[in-house]
Amino acid sequence: RHLAWRRGGKEGREPIKTQFVRGFHRGLELYGAHAVRTREVADDSARSDLVRVEGPHHAIRLNKLGVPAVALCSNTITKEQAAKAAVLSREMPGGSSVVTLMLDCDAEGVHGTAQALPLLAEHAPVRLAWNRTMHGGKFWGRQPESLAEAEWRTIASTPGLIS
């Protein structure tokens, strides 16, 4: 329903994308944090930093590609989430203290990235995975959930460290 709403010109009220369990506080939690602490994902973490994305479906897709990822459940980040993101990166076995940010590569993601970068940079160095011009602009308009494995390897091999 949500995809049809986006393609249909975004008319009417936005449909709910994801239902959260009672007690999950979107502005305080990082969706998927419990999963990246498991042994299975921890074994994969030597291949990648922990990535921060907008939505749960993006985190799930990256995890399927072997990339540990957590979702903000928004295109913006709170101070609490920024602090948790940095701590989680440092705690990842084989991970690093670098925070990788990969919000949607669209206008809303650009807005969210501008808001998130200074908050994240207060806690850790930040790596930007993509934006309008990186990678020759080929990912503009894309979301992390649409990535193929080869596309992720292209993104992961680009330094992108900005802080």
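Our structure is the block above this text.
Let me begin by describing the structure that accompanies this report. (Residues numbered from 1 in each chain as written. Predicted model: local features only at pLDDT ≥ 70, side-chain atom pairs only at ≥ 80, totals over all residues. Heavy atoms only, no water.)

### Notes on the environment of alanine 156
For clarity, the cut-off: Counting from the N terminus, the helices are the DSSP runs of H or I reaching at least four residues and the strands are the DSSP runs of E reaching at least two.
For alanine 156, the position within the fold is in helix H7 (residues 149–156). In this structure, the C-alpha to C-alpha distance between alanine 156 and threonine 100, residues 56 residues apart in sequence, is 9.9 Å.

### Quick word on H7
Going by this rule: Burial status follows relative accessibility: with a 1.4 Å probe on protein chains alone, a residue under 20% of its type maximum counts as buried, one over 50% as exposed, and anything between as partly exposed. The directions considered for the arc run from the helix axis to the C-beta atoms. In what follows, a contact means two residues having at least one pair of non-hydrogen atoms within 4.5 Å.
Three or more residues of H7 are buried, namely Glu151, Trp152 and Ile155. Viewed end-on, H7 has its buried residues packed into an arc of 100°, placing them on one side of the element. Contacts made by the buried residues of H7 are with strand E1 (51–53), helix H4 (56–64) and strand E4 (126–128).

### Quick word on the nonpolar core
Going by this rule: Residue types Ala, Val, Leu, Ile, Met, Phe, Trp, Tyr and Cys, when buried and joined through side-chain atoms within 4.5 Å, form a set referred to as a nonpolar core.
The biggest cluster of nonpolar side chains holds 21 residues, and the ones touching the most others in it are Leu30, Val70, Ile77, Leu88, Leu101 and Leu120. Of all the elements in the fold, those that place two or more residues in this core are helix H2 (33–36), helix H5 (79–91), strand E3 (99–101) and helix H6 (107–121).

### Comments concerning the sheet that holds E1
As a reminder, the rule being used: Criterion used throughout: strands pair if DSSP finds at least two bridges between them. For helices, the axis comes from a line fit to the C-alpha atoms of the stretch in contact; other axes are also lines fit to C-alpha atoms, and the angle between any two N-to-C directions lies between 0 and 180 degrees.
Spatial ordering of the open sheet is given by E2-E1-E3-E4, a layout of 4 strands whose pairing is parallel. Only two strands of the sheet have a single partner each, and these edge strands are strand E2 (69–71) and E4. Adjacent strand axes in the sheet meet at a mean angle of 30° when their direction is disregarded. One ladder, built from 3 bridges, connects E3 with E4; its direction is parallel. Looking at E4, one finds that valine 99 is bridged to valine 126. Relative to the sheet, H4 contacts E1 and E2, its axis offset from that of E2 by approximately 175°. Most of the contacts of H6 go to E3, to which it runs at about 175°, and overall it touches E3 and E4.

### A few points about the side chain of aspartate 104
Within the secondary structure, aspartate 104 sits in the loop between E3 and H6. Residues in contact with aspartate 104, not counting those within four places in the same chain, are Glu54, His58, Gly109, Val110, Trp130, Arg142, Gln143 and Pro144.

### Describing the packing of aromatic side chains
Inclusion rule: Each pair of aromatic rings taken from Phe, Tyr and Trp, with Trp reduced to its six-membered ring, is defined by centres within 6.5 Å and is described as stacked if the planes are under 30 degrees apart, edge-to-face if over 60, and tilted in the remaining cases. We count a charge as sitting over a ring when the NZ of a lysine or the CZ of an arginine lies within 6 Å of the ring centre and within 35 degrees of the ring normal.
Under the defined criterion, the tally for this structure stands at 1 aromatic pair. Centre to centre, the rings of tryptophan 130 and phenylalanine 139 are 5.6 Å apart; their planes meet at 45°, and the pair counts as tilted. You can call tryptophan 130 buried: its relative accessible area is 3%. Over the ring of tryptophan 140 we find arginine 132, and its NZ or CZ is 3.8 Å from the ring centre.

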